[in-house]
Amino acid sequence: MNAKSDQPRANTVATDGDVAASAQAIAAAIERHAQRPGALLPLLHDVQDRLGYLPAGSVAPIAQALNLSRAEVHGVITFYHHFRQQPSGRHLLQVCQAEACQSMGSGALMAHARARLGCAAHGRSDDGLFGLEPVYCLGQCANAPAVMLGERVYARMTAKRLDALIAATAESAAAETT
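Residues numbered from 1 in each chain as written. Predicted model: local features only at pLDDT ≥ 70, side-chain atom pairs only at ≥ 80, totals over all residues. Heavy atoms only, no water.

**Notes on the packing of helix 6 (residues 106-117) against helix 7 (residues 159-177)**
Move 1: The contact between helix 6 and helix 7 brings their axes to 10 Å, and the two run at 35°. Crossing of helix 6 over helix 7 shows right-handed handedness. The residues of helix 7 that touch helix 6, namely those facing Leu109, His112, Ala113, Arg116 and Leu117, are Ala159, Leu162, Asp163, Ile166 and Ala167.
Move 2: Tallied by class, residues from the contact of helix 6 with helix 7 come to seven nonpolar, one polar and two charged. (Axes fitted to C-alpha atoms, helices over the stretch in contact; angles between N-to-C directions. Helix = DSSP H or I, 4+ residues; strand = E, 2+ residues; numbered from the N terminus. Left-handed = near helix turned anticlockwise from the far one by under 90°. Contact = heavy atoms within 4.5 Å. Nonpolar A, V, L, I, M, F, W, Y, C, P; charged D, E, K, R; others polar.)

**What to know about the environment of Ala39**
Move 1: Counting through the fold element by element, Ala39 comes out in the loop between helix 1 (19-33) and helix 2 (40-51).
Move 2: Using a relative accessible area of 6% as the deciding quantity, one classes Ala39 as buried.
Move 3: The spacing of Ala39 and Leu66 is 27 residues in sequence and 7.7 Å in space, taken between C-alpha atoms.
Move 4: Here Ala39 is in contact with His33, Ala34 and Leu66, once residues within four sequence places are set aside. (Buried < 20%, exposed > 50% of the residue type's maximum accessible area, 1.4 Å probe, protein only.)

**With respect to the side chain of His33**
Move 1: If you trace the backbone, His33 turns up in helix 1.
Move 2: Filtering out sequence-adjacent residues up to four positions away, His33 remains in contact with Ala39, Pro42, Leu43 and Asp46.

**Here we look at the packing of aromatic side chains**
Move 1: Counted according to the given criterion, the structure contains two aromatic pairs.
Move 2: Look at Tyr80 and Phe83: their rings are 6.2 Å apart centre to centre, the planes differ by 90°, and that puts the pair in the edge-to-face class.
Move 3: Note on Tyr80: relative accessible area 37%, which makes it partly exposed.
Move 4: Cluster of aromatic residues (ring-pair linked, three or more members): Phe79, Tyr80 and Phe83. (Phe/Tyr/Trp six-rings, centres within 6.5 Å; stacked < 30°, edge-to-face > 60°.)

Next comes the structure, spelled out in structure tokens:
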């Protein structure tokens, strides 16, 4: 459940072809947040929580509802690393790139994840199962390097442990579809 709205988070990412569902989710988020002071960030989080990303078509209705320019909304979306403008994989793998994790090898871990998943940072695996993103601090500085898969943080990550985590997630996803 998403604590912010008591609604379940999307288990899969909305596709560009799911325009009606996206428009409905955007309209519902606007209705929930438009009258709140400082509504933009909670509204953007709500849309991304439901769709998995912020579609390009979300900018104009959000801007209009909040009496902001499209440039202001787009500027906030592009400023924060958390917001995605493209669909991610079903399982989002974030590799910490903050200083403590970098000093403990997160750069090499990110390179390993890119090679293992076959995608660049901010990309997704060919099968759509995994998305890969850098993140800047998971609060595990004393246990670096850290990664986050879905909503779970894993500390003291190694390439070998990352491979096992990816394999277990892929195996679990395959079992769900059969």
